[in-house]
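Residue strings, one per chain:
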Amino acid sequence: LVFALFGFYIYKKLKLYTDLDAQRLISENRVPPYLKAVAWPFFTWILNYIIRGGFLDGWNGFVYHGLSCYYGWLKNFKARTLKSMNLKKLRAFES
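Residues numbered from 1 in each chain as written. Predicted model: local features only at pLDDT ≥ 70, side-chain atom pairs only at ≥ 80, totals over all residues. Heavy atoms only, no water.

### Considering unusual backbone geometry
The residue Asn29 is not glycine, and still its phi comes out positive at about 55°. Assignment of secondary structure puts Asn29 in the loop between helix 1 (2-27) and helix 2 (34-51). (Helix = DSSP H or I, 4+ residues; strand = E, 2+ residues; numbered from the N terminus.)

### Re the packing of aromatic side chains
Under the defined criterion, the tally for this structure stands at 8 aromatic pairs. Centre to centre, the rings of Trp73 and Phe77 are 5.3 Å apart; their planes meet at 10°, and the pair counts as stacked. Of the two residues, Trp73 and Phe77 both sit in helix 3 (residues 59-94), 4 residues apart, roughly one turn of that helix. The class of Trp73 is partly exposed, set by a relative accessible area of 31%. Through a chain of ring-to-ring contacts, three or more aromatic side chains come together here, namely Trp45, Tyr49, Phe55, Trp59 and Phe62. (Phe/Tyr/Trp six-rings, centres within 6.5 Å; stacked < 30°, edge-to-face > 60°. Buried < 20%, exposed > 50% of the residue type's maximum accessible area, 1.4 Å probe, protein only.)

### Notes on the environment of Tyr17
Inspection of the secondary structure assignment puts Tyr17 in helix 1. Sequence separation of Tyr17 and Tyr71 is 54 residues, and the distance between their C-alpha atoms is 8.8 Å.

### Focus: the layout of surface pockets
Counted as a void, the largest pocket has a volume near 250 Å³. As for the largest pocket, its lining consists of 14 residues, of which Lys36, Trp40, Gly72, Lys75 and Asn76 are closest to the centre. Going through the elements one at a time, helix 1, helix 2 and helix 3 are the ones with two or more residues in the lining of the largest pocket. The leading source of residues in the lining of the largest pocket is helix 3, at 6 residues. Here the lining of the largest pocket is built from residues that sort into 6 nonpolar, 4 polar and 4 charged. (1 Å grid on protein atoms, 1.4 Å probe; cavity = no way out; pocket = protein on both sides within 12 Å on 5 of 7 lines; lining within 4 Å. Points joined across faces, edges and corners; volume = space filled by probe spheres on them. Nonpolar A, V, L, I, M, F, W, Y, C, P; charged D, E, K, R; others polar.)

### Structural notes on a nonpolar patch on the surface
Where nonpolar side chains cluster on the molecular surface, the patch consists of Tyr34, Val38, Trp59, Phe62, Val63, Leu67, Tyr70, Trp73 and Phe77 and spans about 930 Å² of accessible area. Counting only elements with at least two residues in the nonpolar patch, the list comes to helix 2 and helix 3. It is helix 3 that provides the largest number of residues to the nonpolar patch, a total of 7 residues. (Patch = residues over 30% accessible without salt bridge, like charges linked within 9 Å, V, L, I, M, F, W, Y side chains within 5 Å. Areas by Shrake-Rupley, 256 points an atom, 1.4 Å probe, with all protein chains shown as cover. Salt bridge = Lys/Arg side-chain N within 4 Å of Asp/Glu carboxyl O.)

### Some points on the environment of Phe55
With respect to the helices and strands, Phe55 occurs in the loop between helix 2 and helix 3. Sequence-wise, Phe55 and His65 are 10 residues apart; in three dimensions their C-alpha atoms are separated by 9.3 Å. Residues contacting Phe55, with those up to four places away along its chain left out, are Tyr49 and Ile50. (Contact = heavy atoms within 4.5 Å.)

The following block contains the structure:
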């Protein structure tokens, strides 16, 4: 039960902060291109976990760097989705 509640807590926080960061990226007009949005979190994981020695932390390092990269991917994906939805609304409004 404790692990289920902790997982739900992490999910809610992840959703909240990725929503806020995605809105910030859109307001600053810094939405990454598609290839960077998809590939950059994976390269960040390789950089942090393998090259910078995150593997020395064992399982905790693997989970931490995995969640960190998932956060970056989700933030970029949400920003691109929100931007495309806003563009569709603008085009429908202009027509």
